[in-house]
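So the chains spell out like this:
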Number of protein chains: 2
Amino acid sequence: MSTPIIKPQTLRGFRDFLPAMMIPRLQIIEAAREVYSQYGFSPIDTPALEYTEILLGKGGNETDKQLYRFEDQGGRDVAMRFDLTIPFARFAAQNIGVLGTPFKRYHIAPVWRGERPARGRFREFVQCDFDTIGTDSLAADIETILVVHDLLDKIGIGEFTIRINHRQLLNGLLEQLGLLEHSKELLRALDKLPKIGEEAVIKEMVDTTGVESGKAEQVLKLAALQGEPEAILEEARSLISSSELGQQAWSALQEITQTCSNIGIATNRLSLDLSIARGLDYYTGLIFETFLTDLPDMGSISSGGRYDDLAGLYTKQKLSGVGGSLGLDRLLAALDEMKRLDEVATTSQILVLRFVENRLADYQKISRQLHQAGIASEVYPEAKALSKQLKYADRKKIPLALISGEDELAENVWQLKNLRTGNQLTVSADHLAETVKAELNTL
Amino acid sequence: MSTPIIKPQTLRGFRDFLPAMMIPRLQIIEAAREVYSQYGFSPIDTPALEYTEILLGKGGNETDKQLYRFEDQGGRDVAMRFDLTIPFARFAAQNIGVLGTPFKRYHIAPVWRGERPARGRFREFVQCDFDTIGTDSLAADIETILVVHDLLDKIGIGEFTIRINHRQLLNGLLEQLGLLEHSKELLRALDKLPKIGEEAVIKEMVDTTGVESGKAEQVLKLAALQGEPEAILEEARSLISSSELGQQAWSALQEITQTCSNIGIATNRLSLDLSIARGLDYYTGLIFETFLTDLPDMGSISSGGRYDDLAGLYTKQKLSGVGGSLGLDRLLAALDEMKRLDEVATTSQILVLRFVENRLADYQKISRQLHQAGIASEVYPEAKALSKQLKYADRKKIPLALISGEDELAENVWQLKNLRTGNQLTVSADHLAETVKAELNTL
């Protein structure tokens, strides 16, 4: 009697990563690790599960309903993390005494949200965060932008623009207009600009705060400014000139953009966009979003900013900082849409065909010789017909094959076949690694 | 009124990874990725959460109580994976039509078990599995051993021995003795050998199966064989000579060990140990465990074997295969015990001191120039006293520092200081990267 079969299926809202998608995903993660490390950000990890109390903090917001929350074997109220920021805040409050400041960390790990699944939205996704805490220096803000810049440059996803703003610039205008007390309502209305349009935003501003429509228009005018930093700063100057708050923000933006320009960041890659208002409560200084020139509708692929107080829920020690995050899944989707993901289903660069059954040791030896030269090589496990072995290489898109029969094995000579061009070379074992490398370079 | 502070703490049984532990952990993971990839194993990923039905399968074993199981927002019975084998079985049943066979995958990811926490045992740990499915060829078994060998060699954890056995060798003896029907009870008794000793095992064998004590002694004699493969195979030969099952297993072990020897695996690194009986139900052919010569009590740091049927619960397609797993946490503990984990809390190799406040762009420029040469370099964010900046380098164990004041900046000349030796050099920007690399090589 056979056991009934359980239908093999992934949980709703979740997905498997097959090699063809996992390989580019790991390449991006690897690029992030490399750039973060190069700038001195150290890796950390925190548990997938935390006390619910830690994750919810004040609680009562949208995230609660999305939380995977349950009771563990010990009756504890626990939940799976829904971002890496809150675990980092808990981590910092707990460990900063040992770690010292400034502390620069990166954390690349999955998070879980029981959101309604939609096209391209999954309930499990990987976040790639980096932050510098324990310094107020604008040098850290500038470095954050350099990291994002160098990372996207490295991934090679075409042109992009990092759009920056400062949370206090608009507040400066509001101060100048005597509207600072209404900042929350005004920002909330402003945030709807892309959706409902100027007129409706002005109406909402007037309705909720009683502000004169002329002043509401000025708020919109500032938020509408975007483009090349020097020009935009010039235009914004008079709008905030009598507010100290605004002037400080203005100077910060000037120092950030000027320094980036001096460092050699191309002008088309960094712009000011005074409409950006992300993280209304959390961010307090620099804020940024990043858009692909070829796929502006994809949304921001990297964003972040400066905050005053990371871990106020868990410690009285004020930990200010600045950081950013890479949108890994969005980036993968962008690469897919740009047809830059190829169908490669393996990292193997060469397949050693098993031609003579009882000479496995020779085939494995030559393969390991290639490994030592840094070449990924695998031996086909069975001495099947060559056509069958080559079909395997074709399905996995392995570009090269290595063939040697009895006579050639006796002389340690190999047939190197380029499976893309059909080109075939006879090479002695001594020169094999260099010849394989040269052939790989032609692909 | 200030919000009350929530005590920052990790969940019981879980832990944070600070940089000093996370850096070596990532290095081992990186080594595993590299070796797996070099042998043509492709990366995959599966969700942390699965339908409970998928994970429990037949259900009713020890694992059930350890399962983090709950109802999701849609009322589904779900659980966090407790290993990577069952998700791989589900994955294979679901995707093998697209992937084709043979299929070689690796999967490095966390798993969760609500076990009673103990010293060195945590409820979240990372598994590093690799498998070849869809071929019965011994070439895949041999490759599995080569992968483990090359990986441990690469990690550099001192000498080690991969101890192998074959599940059917003992069955062959049992067949020869006419005891095959009692194999389950006899194996169970045998498995207690290290704990209860020979006499008690023989007594249990006699008591549970009614076997003659002379035959029980023969079973123990076979299981006691361990050492250099050729000698052990010679000794085992007569014990299984009249059993076809035993002869097949014997031949398989001979081919595996002989081929590994021909490939050049050192004799002290591969031995036969006929007492190994891991995975009584699951494994059907080769089985292996790996021990460190300097830390034998640490237990096996890499194990695995061959199985007949990976995904029988989810598909009628018979998927046989062979694979192994690296014990990441045990390996880290071993490195720690061998004092091979250093205190490095960053990957930075050089700290650029911010000496002149308004020359941040110059400091960042030189740092990025080093990045381009593959050197991890960071700029201290604040123009504080040099002693304070150097203290930061010391705490993070950054070995080099770069200093340049007004005059030197004007000439683009840098003071390179080796913080370990105190050695100091004056270098022009043009020669900086090579000089830094040379200095790093002396460390």
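Computed from a predicted model, the values in this text were never measured in an experiment.

Draft legend 1. Main features of the overall build of chain A. Helices and strands together make up the secondary structure of chain A, namely 16 helices and 17 strands. With the principal axes as the frame, chain A shows a C-alpha extent of 90 × 60 × 45 Å. For chain A, buried positions account for 59% of its 443 residues. Taking the intrachain contacts of chain A between residues at least 6 apart in sequence as the baseline, contacts between residues at least 24 apart amount to 66%. Counting only carbon and sulfur atoms, one obtains 45% of the accessible surface of chain A, whose full area is about 18,600 Å². If the 50 positive side-chain charges of chain A are averaged to one point and the 62 negative ones to another, these points end up 6 Å apart.

Draft legend 2. Summary view of the interface of chain B and chain A. Counting residues at the interface gives 108 residues for chain B and 108 residues for chain A. Between chain B and chain A lies a buried interface of about 8,900 Å² when both sides are counted; carbon and sulfur atoms form 58% of it. Run the count over chain B and chain A and you get 8 salt bridges. Across the pair Glu-378 of chain B and Lys-104 of chain A runs a salt bridge, and its minimum N-O distance is 2.8 Å. Counting across the interface, chain B meets chain A through 44 residue pairs in polar contact (both at pLDDT 80 or more). With 9 residues, the top contributor of residues to the side of chain B that touches chain A is helix 1 (residues 19-38) of chain B. By residue class, the composition of the side of chain B that touches chain A is 50 nonpolar, 30 polar and 28 charged.

Draft legend 3. How the structure looks around helix 5 (residues 138-155) of chain A. Residues and elements named next belong to chain A. With 18 residues, helix 5 extends 26 Å between its outermost C-alpha atoms, agreeing within 8% with the 26 Å of an ideal straight helix rising 1.5 Å per residue. Here helix 5 lies mainly inside the structure; 16 of its 18 residues are buried. Two residues or fewer after helix 5 comes Gly-156, characterised by a positive phi angle close to 70°.

Draft legend 4. Highlighting the relation of the copies chain B and chain A. When chain B is fitted to chain A, the residual RMSD is 0.0 Å, and the transformation amounts to a turn of 180° plus an axial shift of 0.0 Å. Both copies are brought into coincidence by an operation consistent with a two-fold rotation axis. The C-alpha atom lying nearest the rotation axis in chain B is that of Phe-70 of chain B; the distance is 3.1 Å. Same-surface contact between copies: 100% of interface residues of chain B are shared with the interface of chain A.

Draft legend 5. Fine view of the packing of aromatic side chains. Tallied over the full model, the rule gives 26 aromatic pairs over all chains. Between Tyr-36 of chain B and Tyr-106 of chain B the ring centres are 5.4 Å apart and the planes differ by 50°, which places this aromatic pair in the tilted class. In this pair, Tyr-36 of chain B is assigned in helix 1 and Tyr-106 of chain B in strand 5 (residues 103-112), connecting sequence segments 70 residues apart. An aromatic cluster is built from Phe-14, Tyr-68 and Phe-70 of chain A together with Phe-14, Tyr-68 and Phe-70 of chain B, whose rings are joined through pairwise contacts. Cation over ring: Lys-104 of chain A sits above Phe-41 of chain A, and NZ or CZ is 4.9 Å from the ring centre.

Draft legend 6. The arrangement of the domain arrangement of chain A in detail. Here chain A is described as being made up of domain 1 (19-337) and domain 2 (350-441). Each of domain 1 of chain A and domain 2 of chain A has a C-alpha centre, and these two points are 49 Å apart.

Draft legend 7. How the structure looks around the pattern of salt bridges. Counted under the stated rule, the structure contains 44 salt bridges over all chains. Its salt-bridge partner being Glu-115 of chain B, residue Arg-121 of chain B comes within 3.0 Å of it at the nearest N-O pair. Owing to a relative accessible area of 40%, Arg-121 of chain B belongs among the partly exposed residues under this scheme. With relative accessibility at 15%, the residue Glu-115 of chain B sits in the buried group. Between Glu-159 of chain B and Arg-269 of chain B there is a salt bridge; the shortest N-O distance is 2.9 Å. Of this pair, Glu-159 of chain B sits in the loop between helix 5 (138-155) and strand 7 (160-166) while Arg-269 of chain B sits in the loop between helix 12 (244-263) and strand 9 (270-273), and the two are 110 residues apart along the sequence. Several salt bridges converge on common partners, so that one network encompasses Asp-16 of chain A together with Glu-50 and Arg-90 of chain B.

Draft legend 8. View of the state of the cysteines. On inspection of all chains with the given rule, the structure shows 0 disulfides over all chains. The cysteine Cys-128 of chain B is free of any disulfide, with Cys-128 of chain A supplying the nearest cysteine sulfur at 19 Å.

Draft legend 9. Spotlight on the sheet that holds strand 9 (residues 270-273) of chain A. All names here are of chain A. Read from one edge of the open sheet, 9 strands run 1-5-6-12-11-10-7-9-8, paired in mixed fashion. Whereas interior strands pair on both sides, the edge strands pair on one side only; in this sheet they are strand 1 (42-43) and strand 8 (226-227). Where helix 6 (residues 167-176) meets the sheet, its contacts fall on strand 7 (160-166) and strand 10 (283-292), and the angle it forms with strand 7 comes to roughly 45°. Those strands touched by helix 11 (residues 244-263) are strand 7, strand 9 and strand 10, and its axis lies near 155° from that of strand 7.

Draft legend 10. Fine view of the UniProt feature "binding site: L-histidine" (unreviewed entry) in chain A. All names here are of chain A. UniProt tags Asp-83, Leu-84, Thr-85, Arg-113, Gln-127, Asp-131, Arg-278, Tyr-282 and Tyr-283 as "binding site: L-histidine" (unreviewed entry). By secondary structure assignment, the location of Gln-127 is in strand 6 (residues 124-133). We classify Gln-127 as buried; its relative accessible area is 13%. In contact with Gln-127, not counting residues within four places along its chain, are Asp-83, Leu-84, His-107, Ile-108, Ala-109, Val-111 and Arg-113. From its side chain, Gln-127 meets the backbone nitrogen of Leu-84 in a polar contact 3.2 Å long. Here Tyr-282 lies in the loop between strand 9 and strand 10. For Tyr-282, a relative accessible area of 30% puts it in the partly exposed group.

Cut-offs and rules
- Residues numbered from 1 in each chain as written.
- Chains lettered and ligands numbered in written order.
- Predicted model: local features only at pLDDT ≥ 70, side-chain atom pairs only at ≥ 80, totals over all residues.
- Heavy atoms only, no water.
- Helix = DSSP H or I, 4+ residues; strand = E, 2+ residues; numbered from the N terminus.
- Buried < 20%, exposed > 50% of the residue type's maximum accessible area, 1.4 Å probe, protein only.
- Contact = heavy atoms within 4.5 Å.
- Areas by Shrake-Rupley, 256 points an atom, 1.4 Å probe, with all protein chains shown as cover.
- Lys, Arg positive; Asp, Glu negative; His and termini not counted.
- Charge placed at Lys NZ, Arg CZ, Asp CG, Glu CD.
- Buried area = accessible area lost by both parts, 1.4 Å probe.
- Salt bridge = Lys/Arg side-chain N within 4 Å of Asp/Glu carboxyl O.
- Polar contact = N/O pair within 3.5 Å; in protein donor to acceptor, adjacent residues only side chain to side chain.
- Nonpolar A, V, L, I, M, F, W, Y, C, P; charged D, E, K, R; others polar.
- Expected span 1.5 Å × (residues − 1).
- Least-squares fit on C-alpha atoms with pLDDT ≥ 70 in both.
- Phe/Tyr/Trp six-rings, centres within 6.5 Å; stacked < 30°, edge-to-face > 60°.
- Lys NZ or Arg CZ within 6 Å of the ring centre and 35° of its normal.
- Domains from an automatic or database assignment.
- Disulfide = S-S within 2.5 Å.
- Pairing = 2+ DSSP bridges.
- Axes fitted to C-alpha atoms, helices over the stretch in contact; angles between N-to-C directions.
- UniProt positions renumbered as here; feature names shortened; annotations may be inferred.

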